[in-house]
Amino acid sequence: MSRISVVFFEVEILDAKTKDKLCFLDKVEPNATIGEIKSMFHKSHPQWYPARQSIRLDPKGKSLKDEDVLQHLPVGTTATFYFRDLGAQISWVTVFLTEYTGPLVIYLMFYFRVPFIYASKYDFTTSKHWVVHLACMCHSFHYVKRLLETLFVHRFSHGTMPLRNIFKNCTYYWGFAAWMAYYINHPLYTPPIYGEQQIRLALIIFLFCQIGNFSIHIALRNLRPPGSKTRKIPYPTKNPFTWIFLLVSCPNYTYELGSWLGFTLMTQCLPVAFFTLVGFVQMTVWAKGKHRSYLKEFRDYPPLRSPILPFIL
Amino acid sequence: MASSEEDGTVEEKENNNKKRTKSALVTAWLTFYNIAMTAGWLVLAITMMRFYIQRGTHKGLYRSIARTLKFFQTFALVEVGHCAIGIVKTSVIVNGVQVCSRIFMVWFVTNSIRQISTCIICQKIQNEESVILFLVVWTVMEISRYSYYTFSLLHHLPYFIKWARYNFFIVLYPLGVAGELLTIYAALPFVRRSGMYSMRLPNKYNVSFDYYYCLIIVMLSYIPLFPQLYLHMLRQRRRVLHGEVIVEKDE
């Protein structure tokens, strides 16, 4: 009878900055994943839950992924890893829900002219311009859609992000929402110059892009089976709104830009235009990054595609 | 084959030559820039001193140097470009904040509000003095800074210039900030009264802007920004003058 001997690994975890020995694990299975090692480390240091651990082979190197298997890493039977504390983490879902609920509520406060915002004689009055009511419906619809997508549609590849991001993100979304809402719902608001024509065109653009954005989110969700973190090239589906995948890597951002352009046209409000511009800059940065990682990961990536604007950007 | 090997080394030599000419050009430009700026601020200093010696008063001094000051201070925007391209090792943000605050003072405070700089019959004489305060501070700082860069580029740096650049700021930075803040504060009533740079509702862009509150926000922004710049300079000083290695907090 032959004995199958399993070579167990020993794992020592050092602090990346001070090189102190933080943890020693013996009898670790060779097919253990980094994720499992993180859980074991968490037991000896309960203040560092797995999400805030960064485990790396080199103190200044890149973080190892949770799925990496111990025996496939370039380590001997005594593996030395370096640990860095990523700081308090917060789940993406929590961040999204908080940053989207804010604008929804804040805008409505301005719409209903809650006291202490405008002069007291306007408290709880409503605007006489019908475009203001339409704008409120569109803005609220947009953020309700985002909240529902966060809860039911999106599949997140990262579980958490650093805690300080929630303050940064909320300041951005809530601040801009308040700034826009203040002017749109102001008693001295001036409706669009070209009147009904302008508003109707704006509404069509807005709705078209909202449906487009939603279609892209559904298409991206269907690319990834539940619970997995696989990445595939997105392709156009039967839904015509997804045919833009032929020309663009991140059409969700393209449609998002379109929605806000529509909203700017509808309200003819400079703060909205400014918000659209800032959002566009940020989304372009994200789209370029995503496009670059697609190109790196997939040899056969369609060459016709641009990051965010067909043929331009 | 021998010929292709030769071609390879010729190409390499060409690339090296290109790099050398490029860095020689860069050094030449930076040297010229820093000499020009040192000269400019020296001219400003001398003009200011002559004015004061001849007239015995600082009233009207700002008006006499306004154009030269605007030219040289605005030209300093070029430095932000230097940082962005990478030919100068300062961070774009640090340099950018400093240059922007200078340009803001010159173009949007002292320039537009002539009453402050040329006021003859004026109950608040301290308005003028705050202007002179920051002008003197800026002049001394810029002369020491640009001459430091010039001599460093020429590889002949006298120790007293290095000493001046990294010690004057200890007293001059707070004095300069005081001068700037006092000037902005003095400008507030004029801004309120004239409604300058402000836009009110209703208008077709559905936006409003109150320069008065903008100035107040600018003043408040000194509170977080000034300590950071000051501490940054103190760290640089420790590193340059005392050779201390500062371990920066990494992200």
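Going by the annotation in an unreviewed UniProt entry, the name recorded for chain A is very-long-chain enoyl-CoA reductase, with Nothobranchius furzeri given as the source organism. Note on chain A: under the UniProt heading Subcellular location (unreviewed entry), the record states "Endoplasmic reticulum membrane".

Draft legend 1. Layout of the overall build of chain B. On a plain count of helices and strands, chain B comes out with 8 helices and 0 strands. The secondary structure elements of chain B, listed N-terminal to C-terminal, are α-α-α-α-α-α-α-α. Restricting the contact set of chain B to residue pairs at least 6 apart, pairs at least 24 apart contribute 73%. For chain B, the accessible area works out to roughly 15,400 Å², and carbon and sulfur atoms hold 65% of it.

Draft legend 2. Highlighting the interface of chain A and chain B. Of the residues lining the interface, 14 residues belong to chain A; the matching set on chain B comes to 10 residues. Interface area lost by chain A to chain B is led by A:Tyr183, A:Leu188 and A:Thr190, which between them contribute 42%. Run the count over chain A and chain B and you get 0 salt bridges. Across the chain A-chain B interface, the total number found is 6 residue pairs in polar contact (both at pLDDT 80 or more). A per-class count over the side of chain A that touches chain B returns 7 nonpolar, 4 polar and 3 charged.

Draft legend 3. Up close: the nonpolar core. Counting 50 residues, the largest nonpolar core has B:Trp41, B:Leu69, B:Leu135, B:Trp138, B:Ile184 and B:Leu215 as its most contacted members. Excluding residues that lie within four positions of it along the chain, B:Leu135 makes contacts with B:Met48, B:Leu61, B:Tyr62, B:Ile65 and B:Leu69. In terms of nonpolar packing, the next biggest core, distinct from the first, is built from 34 residues, A:Val132, A:Phe176, A:Ile184 and A:Phe263 among them.

Draft legend 4. Just the UniProt feature "domain: TECR-like N-terminal" (unreviewed entry) in chain A, in detail. The UniProt record marks residues 9-85 of chain A with the feature "domain: TECR-like N-terminal" (unreviewed entry), using the residue numbering of this structure. Counting secondary structure, residues 9-85 of chain A comes out at 14% helix and 35% strand; the distance between its end C-alpha atoms is 24 Å.

Draft legend 5. Spotlight on a nonpolar patch on the surface. There is a patch of nonpolar side chains on the surface, built from A:Leu270, B:Trp107, B:Phe108, B:Tyr197, B:Met199, B:Tyr205 and B:Phe209 and spanning about 660 Å² of accessible area. Summarising the element assignment, B:Tyr205 is placed in the loop between helix H7 (159-194) and helix H8 (211-242).

Draft legend 6. Inspection of the sheet that holds strand S4 (residues 78-85) of chain A at higher detail. Residues and elements named next belong to chain A. Taken in spatial order, the 4 strands line up as S2-S1-S4-S3 in an open sheet, and their pairing is mixed. Of all strands in the sheet, those bounded by a partner on one side alone are strand S2 (21-28) and strand S3 (53-56). Within this sheet the neighbouring strands show an average axis-to-axis angle of 25°, counted without direction. Where strand S1 (residues 9-15) lies against S4, 6 bridges are found, and the strand directions are parallel. The partner of Glu10 across the bridge, within S4, is Thr78.

Draft legend 7. Up close: helix H2 (residues 92-111) of chain A. The terminal C-alpha atoms of H2(A), which comprises 20 residues, lie 29 Å apart, in line with the 28 Å expected from a rise of 1.5 Å per residue. Of all the residues in H2(A), the buried ones are A:Val95, A:Phe96, A:Glu99, A:Tyr100, A:Gly102, A:Pro103, A:Leu104, A:Ile106, A:Tyr107, A:Phe110 and A:Tyr111.

Draft legend 8. Representation of the confidence of the model for chain B in the model. Residues and elements named next belong to chain B. Looking at chain B, the pLDDT average stands at 83 and 85% of residues meet or exceed 70. Ignoring residues within four places in sequence, the model shows residues 118-127, a span with pLDDT below 50, making 12 contacts including any to other chains. The complex prediction reports pTM at 0.77, with the ipTM value standing at 0.75.

Draft legend 9. Spotlight on the pattern of salt bridges. Taken as a whole, this structure holds 9 salt bridges over all chains when the rule is applied. Across the salt bridge formed by A:Glu256 and A:Arg146, the nearest N and O atoms sit 2.6 Å from each other. In this pair, A:Glu256 sits in helix H6 (residues 251-267) while A:Arg146 sits in helix H3 (residues 130-152), placing the two residues 110 residues apart along the sequence. Here the two residues A:Glu256 and A:Arg146 agree in accessibility, since each one is buried. The partner of B:Glu79 in a salt bridge is B:Arg145, with the nearest N and O atoms 3.0 Å apart. Highlighted residues: B:Glu79 in helix H3 (residues 77-85) and B:Arg145 in helix H6 (residues 126-153), separated in sequence by 66 residues.

Draft legend 10. Focus on the side chain of A:Ser259. Mapped onto the secondary structure, A:Ser259 falls in helix H6. Sequence-distant contacts of A:Ser259, defined by excluding residues within four places in its chain, comprise A:Phe206, A:Cys209 and A:Gln210.

Draft legend 11. Here's a closer look at the packing of H6(A) against helix H7 (residues 270-297) of chain A. Residues and elements named next belong to chain A. Running from N to C, H6 and H7 point in directions that differ by 175°, and their axes come no closer than 9 Å. Classified by the interaxial angle, the pair formed by H6 and H7 is roughly antiparallel. Along the contact surface, H6 presents Tyr253, Glu256, Leu257, Trp260, Leu261, Phe263, Thr264 and Thr267, while H7 presents Val272, Ala273, Phe275, Thr276, Phe280, Met283, Trp286 and Ala287. Per-class residue counts for the contact of H6 with H7 are 12 nonpolar, 3 polar and 1 charged.

Draft legend 12. Highlighting the packing of aromatic side chains. Applying the stated criterion across every chain, the model contains 48 aromatic pairs over all chains. Seen from the ring of A:Tyr118, A:Arg113 lies directly overhead, with NZ or CZ sitting 5.9 Å from the centre. The ring of B:Tyr212 is capped by B:Arg192, whose NZ or CZ atom sits 4.3 Å from the centre of that ring.

Draft legend 13. Local environment of the packing of helix H4 (residues 92-110) of chain B against H8(B). All names here are of chain B. Where H4 contacts H8, the two axes come as close as 11 Å, and the packing angle between them is 145°. The two elements H4 and H8 meet at a crossing, and its hand is left-handed. Side by side, H4 and H8 meet where Val94, Val97, Gln98, Phe104, Met105, Phe108 and Val109 of the first sit next to Tyr211, Leu215, Val218, Tyr222, Leu225, Leu229 and His232 of the second.

Draft legend 14. Main features of the pairing of S4(A). The pairing of S3(A) with S4(A) spans 4 bridges and is antiparallel. Each bridged residue has a counterpart across the sheet, and for A:Ile55 the counterpart in S4(A) is A:Phe83.

Draft legend 15. Fine view of the environment of A:Met40. With respect to the helices, strands and loops of the structure, A:Met40 is situated in helix H1 (residues 34-44). Remark: the alpha-carbon pair of A:Met40 and A:Cys23, spanning 17 residues in sequence, is separated by 9.4 Å.

Draft legend 16. Here's a closer look at the pairing of S1(A). All names here are of chain A. Most of S1 sits out of view: 6 of its 7 residues are buried. Alignment of S1 against S2, held across 5 bridges, turns out to be antiparallel. Residue pairing in the sheet places Val11 in a bridge with Leu25 of S2. The turn joining S1 and S2, which pair antiparallel and follow one another in sequence, is formed by 5 residues; a positive phi near 65° is taken by Lys19.

Reading the values: the criteria
- Every chain is numbered independently, its residues counted from 1 as its sequence is written.
- Each chain is given a letter, starting from A, and each ligand a number, starting from 1, according to the order in which they appear as written.
- In keeping with the predicted nature of the model, local features appear solely for residues at pLDDT of at least 70, side-chain atom pairs appear and are counted solely at 80 or more, and the whole-chain, interface and lining totals rest on all residues.
- To get the side-chain values, take all heavy atoms of the structure and skip hydrogens and water.
- UniProt positions are given in the numbering used here, feature names are shortened, and annotations may be inferred rather than shown by experiment.
- Numbering goes from the N terminus for both helices and strands, where a helix is a DSSP run of H or I of at least four residues and a strand is a run of E of at least two.
- By definition, residues are in contact when any of their heavy atoms lie within 4.5 Å.
- Accessible surface area values rest on a Shrake-Rupley calculation with a 1.4 Å probe, where residue burial reflects the displayed protein chains alone.
- Buried area: the accessible surface (1.4 Å probe) lost by two parts on joining, summed over both.
- Here, a salt bridge means any Lys or Arg side-chain nitrogen found within 4 Å of an Asp or Glu carboxyl oxygen.
- Definition of a polar contact: a pair of N or O atoms within 3.5 Å, with one able to donate and the other able to accept a hydrogen when the atoms are protein atoms, and with sequence-neighbouring residues admitted only if both atoms are side-chain atoms.
- Throughout, the ten residues Ala, Val, Leu, Ile, Met, Phe, Trp, Tyr, Cys and Pro are labelled nonpolar, Asp, Glu, Lys and Arg are labelled charged, and all others, Gly among them, are labelled polar.
- Think of a nonpolar core as a cluster: buried Ala, Val, Leu, Ile, Met, Phe, Trp, Tyr and Cys residues, connected wherever their side-chain atoms sit within 4.5 Å.
- Partly exposed residues are those whose accessible area sits between 20% and 50% of the maximum for their type, while under 20% is buried and over 50% is exposed, using a 1.4 Å probe and protein chains only.
- Only residues above 30% relative accessible area that lack a salt bridge enter a patch, with like-charged residues linked at up to 9 Å and the nonpolar side chains Val, Leu, Ile, Met, Phe, Trp and Tyr linked at up to 5 Å.
- Only strands joined by at least two bridges in the DSSP assignment are considered to pair.
- All axes here are fitted lines through C-alpha atoms, helices being fitted over the stretch that makes contact, and every angle between N-to-C directions spans 0 to 180 degrees.
- Helix span, expected: 1.5 Å multiplied by one less than the number of residues in the helix.
- Confidence scores here are pLDDT values: one per residue, from the predictor, ranging 0 to 100.
- What sets the label is the angle itself: under 35 degrees gives roughly parallel, over 145 gives roughly antiparallel, 65 to 115 gives roughly perpendicular, and the rest give oblique.
- We call Phe, Tyr and Trp rings a pair once their centres come within 6.5 Å, taking the six-membered ring for Trp, and we label the pair stacked below 30 degrees between planes, edge-to-face above 60, and tilted otherwise.
- For a Lys NZ or an Arg CZ to count as sitting over a ring, it must be within 6 Å of the ring centre and within 35 degrees of the ring normal.
- With the far helix as reference, a near helix turned anticlockwise by less than a right angle produces a left-handed crossing, and one turned clockwise produces a right-handed crossing.

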